[in-house]
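Working through the structure, step by step
Chain residues, written in single-letter form:
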Amino acid sequence: MSAAAYDRDRIRNFSIIAHIDHGKSTLSDRFIELTGALPEREMAAQVLDTMDLERERGITIKAQTVRLNYRSRSGQGYVFNLIDTPGHVDFTYEVSRSLAACDGALLVVDAAQGVEAQTVANLYLALENDLQIIPVINKIDLPSADVEETRRQIADVLGLEPGLCVPVSAKTGEGVKALFEAIIEHIPAPKGEIEAPFRALVFDSFYEQYHGVVAVVRVMDGAVAVGQRISFMSTGNTFEVQQLGWFSPKATRAETLRAGEVGFVLANIKNVSDSALGDTITLASRPASKPLPGYVPVKQVVFSGLFPLSTQQFEDLQVALEKLSLNDPAFIYEPESSSALGLGFRCGFLGTLHMEIVRERLEREFGLQLLSTAPNVVYEAILMDGSSILVDSPNDMPPTQKIDHINEPFIRCTIIVPDEFIGNILKLLTDRRGTQKSMEYVGAGKVMLVYELPFNETLFDFYDKLKSASKGYASYDYEHIGRRASEIVKVDILINGQAVDALSFMTHKQNAYRRGVELVRRIRKQVPRQLFEVVIQAAIGSKIISRERVAPLRKNVTAKCYGGDITRKRKLLEKQKEGKRKMKQLGSVAIPQEAFMEILKVD
Amino acid sequence: MRPISVYIHIPFCIKKCKYCDFVSFPIVKQDVAAYFDALIKAALPRAAKLLTSKHRIVETIYIGGGTPTAVPQAHLAELLTSSVNALPISRDVEVTVEMNPGTADASYISKILACGGRRISIGVQSFNDRSLRFLGRIHNARQARNCFENVRAAGCRNINIDLIYGTPGESLDDVMHSVDTAISLAPEHISVYGLSIPEGTALHKRLRAGEFTLPSPDQQRKVYETIRDTLRAAGYIQYEVSNYAKPGLECRHNLNYWRRGEYIGLGCAASSYLDGVRSRNVNSVAEYVERMANGASVVCQSERLSKEERVEEAVMLGLRLREGISLSQLRRDEGIRLLQARRNQIQRLATAKLVNIENDFLRLTDDGVLVADEVIAWLT
């Protein structure tokens, strides 16, 4: 099938899904190489991971999709649309939209590692989208590969047909051609009516400097052509199609996109938020009667204040956030003012990893130095009058006497871990207020745990603890399961009796004392001796739960200051003043910026 | 006629002390001769002309160093004689000469006094030999005591003893032995400095290498308070952070610095403050001599102070004085009402009993003096 010809029966739309490091990116590279889409010398390793940051973290943030031409053993030409998916738990919704654009999925399992937590989570997402699954046993070239055990786990733990398994080595290319044939054989050709009103699912969109928003879509029904007016069904906004095409992996233009095809749409869209993930595009002149199912506006679940270290960088931060949000509409921001940190932004993210990525990109790509306040989940406060409000910042929490109770978000997490570490992991989960839902042996010395626990408990050092409790072997995934009533309190930090807004935090009652004491100690270590005594306290309402003091300076006086010293001393004083200007105000106490960063650091 | 002070720098030493970062050089005969020549034949006449034309009258002359008494007595004698003869001096001019106990004998001392020296400041630093060795002084405690007795015997009625406390390993008793010895000699004036070790000095290198540590702020505070209370009990009035005097015998030359009076500096590395401009002469002896010979300017840096800088200096210098800052004078001189301009800061400092305000003066309390640098930073 040539690039221009259209034969829906010879299209295969699929994703590769895998636990992190099980070889998804390498397998994608091999697809591109073995279908001859790119000459070998143009194959940078892992071509689908574009940004530096992604390469460093080994995950893919922005999905990218490639269209590959493949001639089967029987001599037939096929079009493979390989739809890349983000590989981290925070991006579940993005993954689910990418999968909704597919008819099948390759579930990659590392033959040396076996089934892991994300394997399970990804499989569920794929099954929810009624995808045909082809289990792929990867890394068969490794000496430690155990193909048979992996095949057994795929059957027993995942409940998939073991006979369908295709063993491959993405690294050497062994078995990949057999996988191509399996794709043709087992993944169904796209359905959809070419004559029906045009409907396309937006499963990725990003901002490109010269063309504006690039919407990546899967056409479900009908067709669209350059010059037609399209409409986004969630907003009703219409745009004229300027360009259509696909990535193979270089952008290739086309006049039309038709049912079953995957490609990009350029329509002079300025805002990524106008091309929301999961939205349905239809034709303005002949709209579909209803949108494709599954669209949910993105919900931010972790909030944190971002402030420029130096107050002069506020506007730079604003510009950076605007630019960044062109590419990543999943985070939101609105101005926030703190008496301690000055002007900044309250930002919402899809999870803690998403938060870290945004912060790192702001610092790296825009040269900003940032302070961030402790991350916060979104609580629901049920007030005495029966009404309720959502609270994403401790400072927005209504006074205690107005609150009947507080609901906090919970997650269900899946952890797969070698059984030798099970004791450590159970203790960690219990410490984090977890409730066990199930625990089962998955084979090869591994246990799968399903726990429900407050989302808040995973915001601070949870991943690190999980890794250290299992020597790095535990795998983890989670999903949100709604809010539940919980004993949440707000802890304030007082400096000389004055609350410091940027340091307040919400926590469960049983952790308030420990976290209050820890934070107060950390602050004491960072506050240099001053002219005046500094008293640092943690309080719940009016009840003080921790107190430390920094004694005033004992001696600081220049011994000699005569005629020849005056200019130098004044210059020193001015330097000191300049340093003071850069200091951050912690209540009535000024402390160096580095000290403030140390205090705000989240371990 | 406006009062002014004159400082004359003698940048020669027999040996540099290990804590010293003043501009000084080893004595070389030819250099010394050329330098005094430049001072006497060029600098003094130039200064005299300038001061006369500006209607200034010299209230104090201070010859410091380096070690003024390290040079042959004839040079110093001629410099003193020429100074009092050439400059437009007031009748009760204060003329101070710094003296190292390891340098001047009885005849040298008599010569200084005979040529117009009226006040002698002796760099004793300590009456403990161990401390003197640590500091790299060229004399011992016995020589220091002899020197004092010679100066007194020669008829000097205004003597200062400089002391330093805070050398490593020195106990409170050691320090107080020095202080008590000084008191027993009954000088008119005593300066007591906490040891500071500026960057670039021999001791700084050793400090950084961890060869010794300085006393903790708590220890330093205790020593400072003990010295202050002892000197007060002996009839000395603390009039500045490190300076004590019998009533009426404060060093007028130094008071002039702290009250932001004008001064001109003669010699290399000397500073001046005249007509609102602070300036500094070149450091090098050779360059100074050459420029003087050519009739060129010897200034290497100068700046006209802004109003903000003048206020900063007023606070920085005025608070060092125990009398404090005259608020009415600051208002007259700079048009600033300090109590209003810094109301919150002053209130907080007053509540903490670090400053008080009495009869037009904002001053540090005894506790405030100990953290003067912080208070000054707080107020500027």
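Quick caveat, the model's predicted, so the values are computed rather than measured.

1. A closer look at the pattern of salt bridges
Taken as a whole, this structure holds 63 salt bridges over all chains when the rule is applied. The partner of Arg521 of chain A in a salt bridge is Glu548 of chain A, with the nearest N and O atoms 3.6 Å apart. Of the two residues, Arg521 of chain A is situated in helix α11 (residues 509-526) and Glu548 of chain A in strand β32 (residues 543-550); the sequence distance between them amounts to 27 residues. Between Asp218 of chain B and Arg554 of chain A there is a salt bridge; the shortest N-O distance is 2.4 Å. Taken together, the residues Asp218 of chain B in helix α8 (residues 217-233) and Arg554 of chain A in the loop between β32 and α12 (566-581) connect one chain to another. Take Asp218 of chain B: its relative accessible area is 39%, and that puts it in the partly exposed class. You can call Arg554 of chain A partly exposed: its relative accessible area is 31%. Put simply, Arg570, Lys571 and Glu574 of chain A together with Arg278, Glu303, Glu309 and Glu313 of chain B are held in one network by salt bridges that share partners.

2. A closer look at the domain arrangement of chain B
Residue and element names in this part refer to chain B. Looking at chain B, the domain boundaries give domain 1 (2-258) and domain 2 (307-379). The C-alpha-based centres of domain 1 and domain 2 are spaced at 28 Å. In this complex, domain 1 contributes twelve residues to the contact, which on the side of domain 2 involves nine residues. Interface area for domain 1 against domain 2, summed over the two sides, is near 1,100 Å², with a carbon-plus-sulfur share of 56%.

3. Things to note about the side chain of Asn100 of chain B
All names here are of chain B. Mapping Asn100 onto the fold places it in the loop between β5 (89-99) and α3 (106-114). A polar side-chain atom of Asn100 sits 2.7 Å from the main-chain amide nitrogen of Gly102. Among all residues touching Asn100, those that are not within four sequence positions of it are Thr67, Thr69, Arg137, Ile138 and His139.

4. Description of the interface of chain B and chain A
On the chain A side, the residues contacting the 42 residues of chain B number 26 residues. Together, the buried faces of chain B and chain A total about 3,300 Å²; carbon and sulfur atoms form 55% of this surface. Among the salt bridges present, the one from Glu313 of chain B reaches Arg570 of chain A, with a minimum N-O distance of 2.6 Å. If you look at where chain B meets chain A, you find 19 residue pairs in polar contact (both at pLDDT 80 or more). Taken together, the elements giving at least two residues each to the side of chain B that touches chain A come down to β8 (189-194), α8, α9 (252-258), β13 (277-281), α11 (307-318), α14 (343-351), α15 (366-370) and α16 (372-379) of chain B. If one sorts the elements of the side of chain B that touches chain A by residue count, α16 of chain B sits on top with seven residues. A class-by-class count of the residues in the side of chain B that touches chain A yields 22 nonpolar, seven polar and 13 charged.

5. Quick notes on the domain arrangement of chain A
Under the domain assignment used here, chain A contains domain 1 (8-186), domain 2 (199-283), domain 3 (302-374), domain 4 (380-486) and domain 5 (490-599). On a C-alpha basis, the centroid separation for the pair domain 2 of chain A and domain 4 of chain A is 38 Å.

6. Notes on the pairing of strand β25 (residues 435-443) of chain A
One ladder, built from seven bridges, connects β25 of chain A with strand β26 (residues 446-454) of chain A; its direction is antiparallel. Across the sheet, residue Met439 of chain A finds its bridge partner in β26 of chain A, namely Leu449 of chain A.

7. A short note on the nonpolar core
In this structure, Ile10, Tyr35 and Leu79 of chain B are the most contacted members of the largest nonpolar core, which totals 133 residues. When residues in this core are grouped by element, the largest group, twelve residues, is from helix α1 (residues 29-53) of chain B. Discounting residues that sit within four places of it in the chain, Leu79 of chain B has contacts with Ile8, Ile10, Phe36, Leu39, Ile40, Leu44 and Ile63 of chain B. Formed by 49 residues, the second largest nonpolar core is a distinct cluster that contains Leu324, Val377, Val391 and Phe460 of chain A.

8. Focus on the sheet that holds strand β15 (residues 325-326) of chain B
Pairing between sheet strands relies on hydrogen bonds along the backbone, with the strands arranged either parallel or antiparallel. All names here are of chain B. Strand order in the open sheet made by the three strands is β15-β17-β16, with antiparallel pairing throughout. In the strand order of this sheet, the two ends are held by β15 and β16 (355-358), each with one partner. Where β15 meets strand β17 (residues 361-364), two bridges bridge the pair, whose relative direction is antiparallel. Looking at β17, one finds that Ile325 is bridged to Leu362.

Definitions and cut-offs
Residues numbered from 1 in each chain as written. Chains lettered and ligands numbered in written order. Predicted model: local features only at pLDDT ≥ 70, side-chain atom pairs only at ≥ 80, totals over all residues. Heavy atoms only, no water. Salt bridge = Lys/Arg side-chain N within 4 Å of Asp/Glu carboxyl O. Helix = DSSP H or I, 4+ residues; strand = E, 2+ residues; numbered from the N terminus. Buried < 20%, exposed > 50% of the residue type's maximum accessible area, 1.4 Å probe, protein only. Domains from an automatic or database assignment. Contact = heavy atoms within 4.5 Å. Buried area = accessible area lost by both parts, 1.4 Å probe. Polar contact = N/O pair within 3.5 Å; in protein donor to acceptor, adjacent residues only side chain to side chain. Nonpolar A, V, L, I, M, F, W, Y, C, P; charged D, E, K, R; others polar. Pairing = 2+ DSSP bridges. Core = buried A, V, L, I, M, F, W, Y, C linked by side-chain atoms within 4.5 Å.

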